[in-house]
Amino acid sequence: MATAPYNYSYIFKYIIIVMADCPHTIGVEFGTRIIEVSGQKIKLQIWDTAGQERFRAVTRSYYRGAAGALMVYDITRRSTYNHLSSWLTDARNLTNPNTVIILIGNKADLEAQRDVTYEEAKQFAEENGLLFLEASAKTGENVEDAFLEAAKKIYQNIQDGSLDLNAAESGVQHKPSAPQGGRLSNEPQPQREGCGC
Amino acid sequence: LSKACTKMSGSEATPTAGPEAPPEIRDASPANSSDSSSPTTTDTAIDVAPTRKAKRRPDPKPATEAEEAPKVEEQQPQTSTTSQGGWGYWGSWGKSILSTATATVATVGQGLTQAIEKAETSLGIPSPTEVSAQVEQEEKEQAKNETADGSAAVGSALGMLTSLTSVVQSTGKTVITGGLDALEFIGKKTMDVIAEGDPGFKKTKRLMITNTTLSQVLREAKEREELQTAEKESESEQKLVAHYGMLFDEYQGLSHLEALEILSRESESKVKSVLTSLSGDELVQLRAELDLIKDSFSLVEFEEEEVDEKKDEDGSEFERELTEALEGLSVTATADKLSKACKSTCSHITDMNKPEEDASDEDVKRRWSVEEVHAAAIRSLAELTARSIELFHKLAEMILFSHGSTEASVLSQITVVLCKEISLLSKKFTSCLTTAGSNEKGDVLNPLITGVFLEASNSASYIQDAFQLLTPILEISHIQRRAEPSEQ
């Protein structure tokens, strides 16, 4: 990243909702990461929230304007899986119709303690139109893929025009990429005009 | 407990429906700002502490005026939130920045350039009477600016001056009360600086025609800085430039600010919908209670106490004061980050101040270039500000989670401590700059000093604005608490 760490073309807002019995965070924590989709560098602005009832009234406020939502449950704790549908309702209601929602079964490394089968979750995901994969935050397995899968889908939505970047709360900001020969002034200046909130 | 909570959030389905005027009206009153801009000042840069002046932003008004405020609100229900993007505090920015600028420009003292006057004309700055007028008027001005040949810019370059443009753009109103002459000064000084980074002022111009929230302004500034950086990199023109906006974002200041704005906005609309659901005595009673909360925010005086530059060399006093102010509020983790940032800044400053002879033989004493000192200053200001915003955001969350009562006075005390620290650090840094730049020409050194003061002033404004964002949060928390007994 020595050269041009700021050279990305898009910013996607991701919201992570972690179903857990004990909260890994209070309210929201932030993170960023840069990934690449179809040769385009994309900066992910990650809003990491606790999917706990106690914080719900506050954390749901943050869902708005997310381009992607990652709903994480713990495959070794059925209770975290059981809460999914009500939080999914929140995620759906508070984001825009194009928001890509991906279901992630965490702790895939703890196969012996599995409490929720892959098939079951897969079926739930299909019924609800969600992307799905199992991952392990501990080993890192599939974590990158989770971010990437969602980003690919969002990018695809941008390409085929179903995600309108000019719409308020699309969760995507486009940056006219300047350096390689382009004069930035030639770029149309989209988004945010008059979005004033 | 969560019952009341869920109930509240259910009501958010009716957003911003209330006929209430937003609280920003009070900012529109000219009040006593004239004294904060004294363009005749001949202070040297080191002696001025703009952030201190900035602190008086929430106008310490005579009590009578404060009592009138609610009445004004009722009379002008048409003042729409949308016209200012829901961000009611622009007005006050002007003053703080202006006072900084007037103070610092005096040292910078450069002749006017042709461009500035042009810019000024095309800005179409209306007379104070006109300005108090309307949004339509503002829109017209903006349209005019757009068609002007690109010189319609006042701001941006020394980092985050974007905020200046927004002041000019969205307040019109209060800027003028701060003194047109001050505005001219800013324009003159800033113009040639911006010209470098923003040819044709395309971007600056665009900023001026959007009504934005604070986080949007900061974001755009950051984006622009990123572009500049990217361009520079591709031109392999590696110069040490400190970008406040980018650094502020790096410390997640933008995200925390955005999140805080979300909570503030939602709380505001919940408060409004609660108010619309009440009538008669109940309504009068609640209004009175909420006004008390509002008052405790608007009447805060950020004291003008002189800060001694030599004070608090290692940042431990700041830590003590902050901890004291935060006592009883469970956000220790976040406060730790702040204290840590402050301490490392202090040790950095001590380092830079070490006279050369003092350095023991084994550590190779290096001379700090003015650019390095400036970059360190900007980074520290950006970090402290970002951490401060984070603190307020976390406080907002805690207030909403817990249903305990939080006193506005605690929050204002925190704000005072934070702003004082910003002011103190900016003084320390500029005196470092003066030492480091003793052999530099004025036109090298002065803009850097001005830059530090400007960003410090901005930092103080952001912190105070974040503090103001807590108003509706305390209001809704109050409403929830008073609703509880009847629900149990």
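Reading guide: rules and limits
Residues numbered from 1 in each chain as written. Chains lettered and ligands numbered in written order. Predicted model: local features only at pLDDT ≥ 70, side-chain atom pairs only at ≥ 80, totals over all residues. Heavy atoms only, no water. Helix = DSSP H or I, 4+ residues; strand = E, 2+ residues; numbered from the N terminus. Buried < 20%, exposed > 50% of the residue type's maximum accessible area, 1.4 Å probe, protein only. Contact = heavy atoms within 4.5 Å. Phe/Tyr/Trp six-rings, centres within 6.5 Å; stacked < 30°, edge-to-face > 60°. Lys NZ or Arg CZ within 6 Å of the ring centre and 35° of its normal. Pairing = 2+ DSSP bridges. pLDDT = per-residue confidence, 0-100. Salt bridge = Lys/Arg side-chain N within 4 Å of Asp/Glu carboxyl O. Axes fitted to C-alpha atoms, helices over the stretch in contact; angles between N-to-C directions. Parallel < 35°, antiparallel > 145°, perpendicular 65-115°, else oblique. Nonpolar A, V, L, I, M, F, W, Y, C, P; charged D, E, K, R; others polar.

**Section: the overall build of chain B**
Secondary structure summary: chain B contains 22 helices and 0 strands in total. Here chain B, with 488 residues, has 60% of them falling under the buried criterion. Excluding contacts between residues fewer than 6 apart, the proportion of contacts in chain B whose partners are at least 24 apart in sequence is 86%.

**Comments concerning the side chain of Ser61 of chain A**
Residue position: Ser61 of chain A is located in the loop between helix H1 (56-59) and strand E4 (68-74). With residues up to four places along the chain from it excluded, the contact list for Ser61 of chain A reads Ile262, Leu263 and Glu266 of chain B.

**Looking at the packing of aromatic side chains**
All names here are of chain A. For the coordinates displayed, the defined rule picks out 13 aromatic pairs over all chains. Residues Tyr10 and Phe12 carry aromatic rings whose centres are separated by 6.1 Å and whose planes lie at 50° to one another, so their mutual orientation is tilted. Judged by its relative accessible area of 0%, Phe12 is buried. Pairing Tyr10 with Tyr155 gives two aromatic rings, centres 5.9 Å apart and planes at 80°, and the pair type is edge-to-face. Residue Tyr10 is found in strand E1 (residues 10-18), and its partner Tyr155 is found in helix H5 (residues 143-159); the two are separated by 145 residues along the sequence. Counting every residue linked through ring pairs, the aromatic cluster contains Tyr10, Phe12 and Tyr155. A cation sits over an aromatic face here: Lys13 above Trp47, 3.9 Å from the ring centre. In this structure, Arg56 is placed above the aromatic ring of Trp87, and the distance from its NZ or CZ to the ring centre is 4.4 Å.

**Thoughts on the pairing of E1 of chain A**
Residue and element names in this part refer to chain A. Across the 9 residues of E1, 9 count as buried, placing the element largely inside the fold. Going residue by residue along E1, you find Tyr10, Phe12, Tyr14, Ile16 and Val18 tucked away on one face and Ile11, Lys13, Ile15 and Ile17 tucked away on the opposite face as well. In this sheet, strand E7 (residues 172-174) lies alongside E1 in antiparallel orientation, the contact comprising 3 bridges. Bridged to Phe12 within E7 is Val172. One ladder, built from 5 bridges, connects E1 with E4; its direction is parallel. Looking across to E4, one finds that Ile15 is bridged to Ala69.

**Considerations on the confidence of the model for chain B**
Residues and elements named next belong to chain B. In this model, chain B carries an average pLDDT of 65, and 47% of its residues clear a pLDDT of 70 or more. Here helix H10 (residues 173-177) stands out as the element of chain B with the lowest mean pLDDT, 34, in contrast to helix H15 (residues 253-277), whose mean of 94 is the highest. Low pLDDT, under 50, characterises residues 146-186; the predicted model gives this stretch 137 contacts beyond four residues in sequence or across chains. Contacts from residues 188-210, a stretch scored under 50 in pLDDT, to residues over four places away or in other chains number 72 contacts. Scored as a whole, the predicted complex attains pTM 0.66, and scored at its interfaces, ipTM 0.83.

**Side note on the pattern of salt bridges**
Using the criterion set out here, one finds 26 salt bridges over all chains in the structure. Note that Arg60 of chain A and Asp90 of chain A form a salt bridge whose closest N and O atoms lie 3.2 Å from each other. With Arg60 of chain A in the loop between H1 and E4 and Asp90 of chain A in helix H3 (residues 84-94), this residue pair connects regions lying 30 residues apart in the sequence. By relative accessible area, Arg60 of chain A is classed as buried at 19%. Two residues, Arg379 of chain B and Glu250 of chain B, come together in a salt bridge whose shortest N-O distance is 3.6 Å.

**Considerations on the packing of helix H19 (residues 370-401) of chain B against helix H21 (residues 442-469) of chain B**
Residue and element names in this part refer to chain B. Look at H19 against H21: their axes get within 9 Å of each other, and the N-to-C directions meet at 0°. The orientation of H19 with respect to H21, classified from their angle, is roughly parallel. Residues Val370, Glu371, His374, Ala377, Ile378, Leu381, Thr385, Ser388, Ile389 and Phe392 of H19 lie in contact with H21, whose contacting residues are Val444, Leu445, Leu448, Gly451, Val452, Glu455, Ala456, Ser459, Tyr462, Ile463, Ala466 and Phe467. Its residues assigned to classes, the contact of H19 with H21 comprises 15 nonpolar, 5 polar and 2 charged.

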